[in-house]
Amino acid sequence: MAYPDKLLADDEDVVRHLHPHWLTVFWPLVAFLVLVGLGSFGAALIPEGSNQGVFRLVVVAVVVVLAVPLVAVPLLRWRTTHYVITTHRILFRRGILSRTGRDIGLSRITDVSYTQTLWDRIINSGTLTIETAGDGGSTVWTAIPDSDGVQQLLNHVVEEDADRRAQESAGYIGQYYRGDTGPVPPRR
């Protein structure tokens, strides 16, 4: 699913859109399978009789009530957590009913580092720590797939943004000193 274009500036493009590593939904999926198995087994154990249908509905209701916090909420939390790298900034959005977000301009990023445990290295995941100028503190992205590749990509995008800003500044300074307002003509 593409990130909503309404959040992006006209000249801004999404470089990478990530969700937490897929293993963050592993245990909720295991819980779903266990709940379905236990629910089926429980429904099969109910003896025949006039109330068999009512008791089976009770078993199904218990399974559904347990599935909401054990399965649905973690899956929705995973699906609604977005880590987005664009050509101008990074965006973080999280939340199912209430949303939390943070946008950081690439020019404010001073350092990007990642950490991986042995397990993270095996599954190719990790934690990114993004240091910024100012008093916002560091931003930590957890369970990032291919965290070392994302760290290198972020460093590359920050450098490209700095080069783009320097070229724009040089063009504006040249226009100021020449006294014109049009584009700089190519040299021949």
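Given the structure is predicted, the values throughout are model-derived calculations rather than measurements.

**Concerning unusual backbone geometry**
Argument step 1. Here the phi dihedral of Ala143 falls at roughly 55 degrees; this positive angle occurs in a residue that is not glycine.
Argument step 2. Positive phi outside glycine occurs at Asp146, with the angle close to 50 degrees.
Argument step 3. Looking at the secondary structure, you find Asp146 in the loop between strand 7 (139-145) and helix 4 (147-178).

**A look at the packing of aromatic side chains**
Argument step 1. Using the criterion set out here, one finds three aromatic pairs in the structure.
Argument step 2. Seen from their ring centres, Tyr83 and Trp141 are 4.9 Å apart, and the 40 degrees between their planes marks the pair as tilted. You can see Tyr83 sitting in strand 2 (residues 82-86) and its partner Trp141 sitting in strand 7, a full 58 residues away along the chain.
Argument step 3. On the accessibility criterion, Tyr83 (4% relative accessible area) is buried.
Argument step 4. Taken together through their ring pairs, the aromatic side chains of Tyr83, Phe92 and Trp141 make up a single cluster.

**Side note on the environment of Pro28**
Argument step 1. Within the secondary structure layout, Pro28 lies in helix 1 (residues 26-45).
Argument step 2. Residue Pro28 is classed as buried on the basis of its relative accessible area, which comes to 7%.
Argument step 3. C-alpha of Pro28 to C-alpha of Ala67: the two residues are 39 residues apart in sequence and 8.8 Å apart in space.

**Here we look at the pattern of salt bridges**
Argument step 1. A full pass over the atoms with the stated rule returns six salt bridges.
Argument step 2. Salt-bridge contacts for Arg164 lead to Asp161; the nearest nitrogen and oxygen are separated by 2.5 Å. Pair noted here: Arg164 and Asp161 are both in helix 4, with a separation of three residues, about one helical turn.
Argument step 3. Among the residues examined, Asp161 registers a relative accessible area of 2% and is labelled buried.
Argument step 4. For Arg165, the salt bridge identified is with Asp161, shortest N-O distance 3.0 Å.

**With respect to the UniProt feature "transmembrane region" (unreviewed entry) in the protein chain**
Argument step 1. Residues annotated by UniProt as "transmembrane region" (unreviewed entry) correspond here to residues 25-46 and 53-76.
Argument step 2. Secondary structure content for residues 53-76 is 100% helix and 0% strand, while the C-alpha to C-alpha distance between its ends is 31 Å.

What counts and how
Residues numbered from 1 in each chain as written. Predicted model: local features only at pLDDT ≥ 70, side-chain atom pairs only at ≥ 80, totals over all residues. Heavy atoms only, no water. Helix = DSSP H or I, 4+ residues; strand = E, 2+ residues; numbered from the N terminus. Phe/Tyr/Trp six-rings, centres within 6.5 Å; stacked < 30°, edge-to-face > 60°. Buried < 20%, exposed > 50% of the residue type's maximum accessible area, 1.4 Å probe, protein only. Salt bridge = Lys/Arg side-chain N within 4 Å of Asp/Glu carboxyl O. UniProt positions renumbered as here; feature names shortened; annotations may be inferred.

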